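Listed here are the chains, written in short residue letters.
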Amino acid sequence: MNIKNTGSSSYLERFIMAREMAISGYISKIITIETKLTYKQIRRVYRYLKEDGYILKKKSRAYRSGATLIRNYISKIHASLLMQLYYNIGGKKVLVSINIEALTKAFTLYYNIYSEIPEVDNKKWLPFDITDAWCLADELRSNNAMIENCNICNCSYFTSINQSTSVDCPFCK
Ligand SMILES: [Zn+2]
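Along each chain, residue indices are assigned from 1 in the same order as the chain's sequence is written. With the structure being a predicted model, the display of local features is reserved for residues of pLDDT at least 70 and the display and counting of side-chain atom pairs for 80 or more, all residues being used for whole-chain, interface and lining totals.

**Q** It is not clear to me how unusual backbone geometry should be interpreted in this structure. Could you clarify?
**A** Glycine aside, the phi torsion of most residues is negative, and most peptide linkages are trans. Positive phi is not limited to glycine here, since lysine 36 has a value of about 60 degrees. The helix and strand labels rest on DSSP assignments: H or I over at least four residues marks a helix, E over at least two residues marks a strand, and numbering proceeds from the N terminus. Among the secondary structure elements, lysine 36 is positioned in the loop between α2 (28-35) and α3 (39-51). Here the C-beta atoms are placed from the backbone, and a residue counts as buried if at least 20 other C-beta atoms lie within 10 Å of its own, exposed if 12 or fewer do, and partly exposed otherwise. Under the C-beta neighbour-count criterion, lysine 36 is labelled partly exposed, with 15 such atoms within 10 Å. Not every positive phi belongs to a glycine, and asparagine 143 is a case in point at roughly 65 degrees.

**Q** What am I meant to see in the confidence of the model for the chain here?
**A** Do not read the predicted coordinates in detail wherever pLDDT is low. Every residue is assigned a pLDDT by the predictor, reflecting its confidence on a scale from 0 to 100. Looking at the chain as a whole, its pLDDT mean stands at 88, while 90% of the residues score no less than 70. Mean pLDDT across the elements of the chain ranges from a minimum in helix α4 (residues 66-69), with 84, to a maximum in helix α7 (residues 130-141), with 95.

**Q** I would appreciate a short explanation of the nonpolar core in the present structure.
**A** Within soluble globular proteins, side chains that are nonpolar generally end up buried alongside one another. Joining buried Ala, Val, Leu, Ile, Met, Phe, Trp, Tyr and Cys residues through C-beta atoms within 7 Å gives a set, and that set is a nonpolar core. Grouped together as the largest cluster of nonpolar side chains are 37 residues, with contacts concentrated most on Leu82, Tyr86, Leu103, Ala133, Leu136 and Ala137. Secondary-structure elements contributing two or more residues to this core are α1 (11-24), α3, α5 (73-90), α6 (100-116), α7 and β2 (156-160). At 7 residues, α7 tops the list of elements feeding residues into this core. Here the limits of each domain have been adopted from an automatic or database domain assignment. Residue assignment places this core across two domains, with domain 1 (1-59) and domain 2 (66-160) each supplying three or more. Contact between residues is assigned whenever the C-beta positions, reconstructed from backbone atoms, fall within 7 Å. The contacts of tyrosine 86, once residues within four sequence positions are left out, are Val94, Ala102, Leu103, Ala106 and Ala137.

Now the structure itself:
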């Protein structure tokens, strides 16, 4: 699968991309932004998926900004892990435009890592969902967030200008 986000994509390519995004759990608002399909066309994507027997996950969250997503150092560590994976997979281009294929891969890796942590059973902190991942990627693309390198521990971390927590490295805390 090769997902492109260019104005020259054919209707079929955008339709396939919308289908893949719906299966991955993106909300329709984001699918609309990324594929430039109309609301009516997206409804058709969902209808075909239903006819094909797909049971789509219930969308738990809507669009959230960095202010809501990053409230403390734990959520900042999560954002750093997720966005570092995304940056490693997508490369420098993700600072200019969102790469859905790289984001979906990074989110899957992040989610698998999260699921492996035993303490997760305590549900102290719910992981980001794929919509959150897109919101963070959108902040990175629009220069509202950046990946910084800590001078003390040498870890890379994600920091947003909208976050409601300290700008310092979350790993040194
Ligand atoms: Zn540090």
